[in-house]
Amino acid sequence: MNYQSYAPSTYEHDGKSAETRNLKPGELSTGTTIMAIPFEGGVVLGADSRVSTGTYVANRVSDKVAQLHDSIWCCRSGSAADTQALTDYVRHYLSQLAVETGRAPTVKVAAHLMRKLCYENKDNLMAGVIVGGWDPVEKGSVYNIPLGGSCIKMPFAIGGSGSTYIYGLVDSEFKEALSKDEALSLVKKSISHAMARDGSSGGIIRTVVVTESGNEREYVPGDQLPYGPAGW
Amino acid sequence: MASSGSGYDLSSSTFSPDGRIFQVEYASKAVENAGTALGLKCSNGVVLCVEKPLLNKMLLTNSSRRIHSIDKHSGVAITGFVSDGRQIVNRAREECSNYEETYGTKIPTKVLGDRLASYVHYFTLHGSLRPFGTAALIASYDPETKDHALQMIEPSGVSYQYYACAAGKGRQPARTELEKLNINKPDKAENINVREGVKQLARIIHLLHEDGKDKPFELEMSWLCEESGWEHKGVPRDFIKEAVDWAKKDILETEEYESDEDEEMED
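J.: Explain the overall build of chain A here, please?
T.: Counting secondary structure elements, chain A contains five helices and 13 strands. For chain A, the proportion of its 232 residues judged to be buried stands at 48%. Here the analysis covers contacts within chain A between residues at least 6 apart in sequence; of these, 61% occur between residues at least 24 apart. Total accessible area on chain A is roughly 11800 Å²; 50% of this is exposed by carbon and sulfur atoms.

J.: Just to check I follow, could you spell out the pattern of salt bridges for this structure?
T.: Once the charged atoms of two side chains with opposite charge are near each other, the side chains can pair. In this structure the tally under the stated criterion is 30 salt bridges over all chains. The residue B:Arg115 makes a salt bridge to A:Glu100 at a minimum N-O spacing of 2.9 Å. Highlighted residues: B:Arg115 in helix 3 (residues 109–122) and A:Glu100 in helix 2 (residues 80–101), drawn from two different chains. Between B:Arg20 and B:Glu25 there is a salt bridge, with its nearest N and O atoms 2.9 Å apart. Each of A:Glu100, B:Arg91, B:Glu95 and B:Arg115 takes part in one network of salt bridges that share partners.

J.: What's the story with the layout of surface pockets in this structure? I'm lost.
T.: Gaps left between atoms show up when a probe the size of a water molecule is rolled over them. Residue and element names in this part refer to chain B. The computed volume of the largest pocket comes to approximately 420 Å³. For the largest pocket, the lining is made up of 20 residues, of which Asn 62, Leu 219, Glu 220, Arg 237 and Ile 240 are closest to its centre. Of all the secondary-structure elements, those providing two or more residues to the lining of the largest pocket are strand 9 (217–225), strand 10 (233–234) and helix 6 (237–266).

J.: Is there a simple way to explain the packing of aromatic side chains in this structure?
T.: Here the distance between the centres and the angle between the planes together describe a pair of aromatic rings. Applying the stated rule across the entire model yields eleven aromatic pairs over all chains. The interplanar angle of 25° and the centroid separation of 6.2 Å between the aromatic rings of A:Tyr89 and A:Tyr93 together place this pair among those described as stacked. With A:Tyr89 and A:Tyr93 both in helix 2, this residue pair falls four residues apart, about one helical turn. Each residue in the set B:Tyr119, B:Tyr122, B:Phe123 and B:Phe132 is aromatic and connected to the rest through ring pairs, giving one cluster.

J.: Quick question: what am I supposed to make of the sheet that holds strand 11 (residues 157–159) of chain A here?
T.: Paired through backbone hydrogen bonds, the strands of a sheet run either parallel or antiparallel to each other. Residue and element names in this part refer to chain A. Sheet architecture is open: five strands sit in the order 11-2-3-12-13, paired in antiparallel fashion. Bordering the open sheet on either side are strand 11 and strand 13 (214–220), each of which pairs with just one other strand. Taken pair by pair, the neighbouring strands of this sheet meet at an average axis angle of 15°, ignoring direction. For strand 2 (residues 34–39) and strand 3 (residues 42–47), the ladder comprises six bridges, and the chain directions are antiparallel. Bridging from a neighbouring strand, Met 35 pairs with Gly 46 of strand 3.

J.: Even after reading the chapter, I still don't get the nonpolar core, so can you show me in this structure?
T.: Nonpolar side chains tend to gather and get buried jointly when the protein is soluble and globular. One finds A:Leu68, A:Leu94, A:Met114 and A:Val131 to be the most contacted residues of the largest nonpolar core, which totals 42 residues. Those residues within four positions of A:Met114 in sequence are excluded, and the remaining contacts are A:Leu68, A:Cys74, A:Leu86, A:Val90, A:Val129, A:Val131 and A:Ile145. Judged by nonpolar contacts, the second largest core, of 28 residues, contains B:Leu38, B:Val47, B:Cys49 and B:Leu178.

J.: What should I look at first to understand the environment of A:Ala111 in this one?
T.: Here A:Ala111 shows up in helix 3 (residues 107–120). As for A:Ala111 and A:Tyr143, which are separated by 32 residues in sequence, their C-alpha atoms are 6.4 Å apart.

J.: Can you walk me through the interface of chain A and chain B in this structure?
T.: Frequently, the measure chosen for interface size is the accessible area that the parts lose on association. The interface of chain A with chain B comprises eleven residues on the first partner and 13 residues on the second. Interface area, chain A with chain B, both sides summed: about 1100 Å², of which 53% is carbon and sulfur. Run the count over chain A and chain B and you get four salt bridges. The residue B:Glu144 makes a salt bridge to A:Arg103 at a minimum N-O spacing of 3.4 Å. Where chain A touches chain B, the interface holds five residue pairs in polar contact (both at pLDDT 80 or more). Secondary structure elements with two or more residues in the side of chain A that touches chain B: helix 2 and helix 3 of chain A. With five residues, helix 3 of chain A is the largest single contributor of residues to the side of chain A that touches chain B. Residue composition of the side of chain A that touches chain B, grouped by class: four nonpolar, three polar and four charged.

J.: Please explain helix 1 (residues 22–32) of chain B as it appears in this structure.
T.: Helical geometry: 3.6 residues make up each α-helical turn, so side chains three or four residues apart lie on a common side. Regarding helix 1 of chain B, the residues found buried are B:Phe22, B:Val24, B:Ala27, B:Ala30 and B:Val31. In this structure, the buried side of helix 1 of chain B is in contact with strand 4 (74–80), strand 5 (134–142) and strand 8 (164–167) of chain B.

J.: In this structure, what is going on with the environment of A:Tyr119? I would like to understand it.
T.: With respect to the helices, strands and loops of the structure, A:Tyr119 is situated in helix 3. Note: C-alpha distance between A:Tyr119 and A:Gly168 (49 residues apart in sequence) is 28 Å.

J.: Help me understand the side chain of B:Asp84 in this model?
T.: Residue and element names in this part refer to chain B. Looking at the secondary structure, you find Asp 84 in helix 2 (residues 82–103). Asp 84 gets classed as buried once you look at its relative accessible area, which sits at 8%. Residues within four places of Asp 84 in sequence aside, it is in contact with Arg 130, Pro 131, Phe 132, Gly 133 and Thr 134.

J.: Just to check I follow, could you spell out empty space enclosed by the protein for this structure?
T.: Applying the stated criterion across every chain yields a total of one cavity of 30 Å³ or more. For the largest cavity, the full set of lining residues is A:Leu97, A:Thr101, A:Arg103, A:Ala104, A:Pro105, A:Thr106, A:Val109, B:Tyr99, B:Thr105, B:Lys106, B:Pro108 and B:Glu144. When its residues are assigned to classes, the lining of the largest cavity shows six nonpolar, three polar and three charged.

Thresholds applied
Residues numbered from 1 in each chain as written. Chains lettered and ligands numbered in written order. Predicted model: local features only at pLDDT ≥ 70, side-chain atom pairs only at ≥ 80, totals over all residues. Heavy atoms only, no water. Helix = DSSP H or I, 4+ residues; strand = E, 2+ residues; numbered from the N terminus. Buried < 20%, exposed > 50% of the residue type's maximum accessible area, 1.4 Å probe, protein only. Contact = heavy atoms within 4.5 Å. Areas by Shrake-Rupley, 256 points an atom, 1.4 Å probe, with all protein chains shown as cover. Salt bridge = Lys/Arg side-chain N within 4 Å of Asp/Glu carboxyl O. 1 Å grid on protein atoms, 1.4 Å probe; cavity = no way out; pocket = protein on both sides within 12 Å on 5 of 7 lines; lining within 4 Å. Points joined across faces, edges and corners; volume = space filled by probe spheres on them. Phe/Tyr/Trp six-rings, centres within 6.5 Å; stacked < 30°, edge-to-face > 60°. Pairing = 2+ DSSP bridges. Axes fitted to C-alpha atoms, helices over the stretch in contact; angles between N-to-C directions. Core = buried A, V, L, I, M, F, W, Y, C linked by side-chain atoms within 4.5 Å. Buried area = accessible area lost by both parts, 1.4 Å probe. Polar contact = N/O pair within 3.5 Å; in protein donor to acceptor, adjacent residues only side chain to side chain. Nonpolar A, V, L, I, M, F, W, Y, C, P; charged D, E, K, R; others polar.

Structure, rendered in structure tokens:
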């Protein structure tokens, strides 16, 4: 076997991020910060709003939190086209299932469907999704579905390119059994910090609070972010 | 008895002038000639029971099952053509497994029943296929709603949910007996529990065999209840024996009571 052919002769960094390298020319990226935290009685989902192609910001106020069913939502990161298509499919399957079973589907089922699509088409997709919502069986729950198509139920989930900058912050600030307001302020704080340091995240912070009684959508304008980089 | 098909009964894709599909009715006849199957939805679980006539003295007992598990949380009892029943059981297993693979959760009771009913119905539509000569009694549990259900699918493809149902040879007297049980009381606490249900079903089966024909038969029983951890399992053999002994004793006592009454009335 000729091993020499496998080793590159020189290695040069091409300046692109891992994410951008996988995008087709002109394809939109939701290089992003997304987050979801369950609390007593529901789930808080949050996201930034920047959509970029390379350095050009295609949309500075996009909505990355999509509704899959009455009380099931998902945060999208990765290729905008891929995640929109996935969301549409899962929304369709969930509505069919609700008709067949006669009741609202659970968050677990939504996450399972999303994961099935992500895993079986992993070669052609670039999508990291966080599915969160409320159902009468598990109450508030959050499932993280990163790039490869694994699906893990988590006590909280962060994702997207900006999430790498806030792992330490969220790990230190998170505690079990948060109240709704505590969870909401943690989401806003964390996403602000990520937007401050990640070039692919920015704009406004969109949040959705999902409870048994319904959904509350809010946003924090870009000039009223609670936090910025320290010392500025 | 039955009106003559006279030409409208050759294919299941032909209606008769009075709006019947004879082939489907004939399929139901096949079920009516077979061993009795009973199902009972109790307050804390579902019990299934099938009477297997032992046609051959050489038969190994407890082989040739009529009751099958289709998933941990559901089981089906079949009566009629046993080989047709195998098809339904296999299809039910596929449905359960596919549903779980697609949606990540156990198939709800009604969805399972509806899908199997659609499957059975399909065979009543095509000219080249014949209907199933089997009735299937499905016991299932939904872990999300914590609800248990009993459904029966007939050869025509109709499926209903029941408190109690019977199919096969002795279904008419069985239904009369089942209606006497406490299964649908408004105060749910009064409804029969599974242990009592097992005994009552054993009694009903033995009641049907009462008239000294003495044909040997085997009793197959299963339950899906709190006691079984909401898993479809065979009722423990020693409990079946206990139930059968109680049943025989109870029948004898009722007979004596009734014959005493008759004697008094002669005066």
